[in-house]
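# What the coordinates show
Listed here are the chains, written in short residue letters.
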Amino acid sequence: MAAPKKLYIKTYGCQMNVYDSERMAEAMGSAGYVETEDPAEADMILLNTCHIREKAAEKVYSELGRFRALKDEKPDLKIGVAGCVAQAEGAEIMRRQPLVDLVVGPQSYHRLPQMEAQVRAGQKALDTDFPLEDKFDTLRHRPKARRGPTAFLTVQEGCDKFCAFCVVPYTRGAEVSRPAARVLEEARDLVERGVREITLLGQNVNAYHGAGAGGDWSLARLIWALSDIDGLERIRFTTSHPNDMDDDLIAAHGACAKLMPYLHLPVQSGSDRILKRMNRKHTAEGYLRLIERIRAARPDILISGDFIVGFPEETEADFQATLDLIEAVGYGQAFSFKYSTRPGTPAAERPQVAEAVKSERLHRLQALITRQQRAVQETMVGRTVGVLFERPGRMPGQMVGKSDHLHAVHVTGSGLGVGDLARVEIVESGPNSLGGRIVAA
Ligand code: 5AD
Ligand code: SF4
């Protein structure tokens, strides 16, 4: 038998790309490939790219340049670009970087094996269609190897919201939800393979409306059905839009024991003037009231957010309104970015804020967020929380895992292993993690 060919995948960007890379590796497995960690021994290199900000796309082109030497050494090496840069730039990628053999957009991954045959025959392959068939029908998880204790599971993809800064509606396409039965089947398969925590993924995951028994299911209904799976201990979901947080989902946060007390709910700005220009369709006050309702259902929930500073026409007063909103919420986690112009999006045409101003605002915002994160982390000391252990730590006998609130927690000398879930009393708060001791395994 011929030795299997080797596939090296490098993943950029969001968690959905991590999930997609796993599916691509499985699809290529059926074309005779096994994965490798070393690009130098690969027969095929795939970059799974991100287009959300300008720097992300530029990184891809510089990475591609670095593969020239490998290709000179090994002329049979094939190089592919997948993901959102592939979708947005299409054939332009091959023009700009001729060593690329294959370009495939996120909705066409099930066609990868045919595309691979095409490039092996010496042709270039390009597919950035939004096909009618469901890629997930072909990209099914096949029951196989054991998995680690945590996994991602895409339930919804694409976005119809068209925030004025964002490329997602163009690169991932219109909002589509997978049928509930498919999601449940995939979840059961993951659990059989050792998974104890599943994070449901979608660009607008709380807008989930997949076909199910008795009509379309909401995300809340899906979570309740998942919570009936024995062996599945923890459920999370990301990313949500404030306008899709319905009453049932808020109630689930209070009532469903397997739904973890962590919610990533981006607001982007605290200024109504900017929120309007961003086409977010909610106000700062509306967001704050929503947070209040969520906290009424689950008082200890940790809130996480995304912020953009220096959106076109953002004034110092607008920025101050964002800092005020952050003060009012008290974030346990946040991701913040300088606005990055994305060609083809409405905001790209508006008067831009100077780079130095963006940098200075980002710096101030991040200082505030860091203070809040530390404060929230410190409130954990003295509390007993659940921890799912994911890997050994650096110290002998140490294990590292994630708390219910998604804090990294390390415990020493517990005798527990990867995949164990324990009740842990938090005894200290360090710069990047919490220290704890086992109360009950
Ligand atoms: N510039 C900066 N940040 C952006 N995001 C999305 N588009 C842009 C852009 N053009 C951020 C938003 C979003 C997160 C995934 O990325 O905060 O929530
Ligand atoms: Fe982009 Fe999220 Fe807005 Fe959709 S809701 S356009 S994915 S920022």
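Residues numbered from 1 in each chain as written. Chains lettered and ligands numbered in written order. Predicted model: local features only at pLDDT ≥ 70, side-chain atom pairs only at ≥ 80, totals over all residues. Heavy atoms only, no water.

### Comments concerning the overall build of the chain
Secondary structure summary: the chain contains 15 helices and 21 strands in total. Whereas a compact globule of 441 residues would reach a radius of gyration of roughly 22 Å, the chain reaches 23 Å, a difference of no more than 12%. Here the C-alpha coordinates of the chain stretch approximately 60 × 55 × 50 Å along the principal axes. Here the chain holds 441 residues, and the buried ones make up 54% of them. Looking at the chain alone, contacts between residues at least 24 apart form 70% of all its contacts between residues at least 6 apart. Total accessible area on the chain stands at roughly 18900 Å², and carbon and sulfur atoms take up 53% of it. On the chain, the mean spot of the 57 positive side-chain charges and the mean spot of the 59 negative ones are 2 Å from each other. (Helix = DSSP H or I, 4+ residues; strand = E, 2+ residues; numbered from the N terminus. Rg over C-alpha atoms; globule rule 2.2 N^0.38 Å. Buried < 20%, exposed > 50% of the residue type's maximum accessible area, 1.4 Å probe, protein only. Contact = heavy atoms within 4.5 Å. Areas by Shrake-Rupley, 256 points an atom, 1.4 Å probe, with all protein chains shown as cover. Lys, Arg positive; Asp, Glu negative; His and termini not counted. Charge placed at Lys NZ, Arg CZ, Asp CG, Glu CD.)

### With respect to the pattern of salt bridges
Any two side chains of opposite charge can pair, on the condition that their charged atoms come close. Under the defined criterion, the tally for this structure stands at 37 salt bridges. With a closest N to O distance of 2.8 Å, arginine 172 and aspartate 20 form a salt bridge. Taken together, the residues arginine 172 in the loop between α8 (168–171) and β9 (176–177) and aspartate 20 in helix α1 (residues 15–29) connect sequence positions 152 residues apart. One salt bridge connects arginine 277 with glutamate 313, and the closest N-O pair in it is separated by 3.4 Å. One end of the pair, arginine 277, is in helix α12 (residues 272–277); the other, glutamate 313, is in the loop between β15 (302–309) and α14 (316–329), and 36 residues separate them in sequence. (Salt bridge = Lys/Arg side-chain N within 4 Å of Asp/Glu carboxyl O.)

### A few points about the site of ligand 1
Lining the immediate environment of ligand 1, one finds Ile52, Arg53, Phe165, Gln268, Asp306, Ile308, Phe337, Lys338, Tyr339, Ser340 and Arg342. One of the side-chain nitrogen or oxygen atoms of arginine 53 is found 2.9 Å away from an oxygen atom of ligand 1. Serine 340 places a polar main-chain atom, nitrogen or oxygen, 2.8 Å from a nitrogen atom of ligand 1. Elements supplying a minimum of two residues to the shell around ligand 1: β15 and β16 (333–338). In terms of residue class, the shell around ligand 1 is built from five nonpolar, two polar and four charged. (Near = heavy atom within 4 Å. Polar contact = N/O pair within 3.5 Å; in protein donor to acceptor, adjacent residues only side chain to side chain. Nonpolar A, V, L, I, M, F, W, Y, C, P; charged D, E, K, R; others polar.)

### Remarks on the nonpolar core
In this structure, Leu200, Leu222 and Tyr331 are the most contacted members of the largest nonpolar core, which totals 56 residues. The contact partners of leucine 200, leaving out residues within four places of it in the chain, are Leu153, Val155, Val205, Leu219, Leu222, Ile223, Leu226, Ile235, Arg236, Phe237 and Thr238. Within the second largest apolar cluster, 23 residues are counted, among which are Ala42, Leu64, Ile79 and Val103. (Core = buried A, V, L, I, M, F, W, Y, C linked by side-chain atoms within 4.5 Å.)

### Describing the sheet that holds strand β20 (residues 421–429)
One closed barrel accounts for five strands, arranged β17-β18-β19-β21-β20; its pairing is mixed. Each strand axis lies, on average, 55 degrees off the axis of its neighbour in the sheet, ignoring direction. Both strand β17 (residues 384–392) and strand β18 (residues 398–403) contribute to a ladder of five bridges, which runs antiparallel. Opposite phenylalanine 389, over in β18, you have glycine 401 as the bridge partner. (Pairing = 2+ DSSP bridges. Axes fitted to C-alpha atoms, helices over the stretch in contact; angles between N-to-C directions.)

Keep in mind these numbers describe shape, not what the thing actually does.
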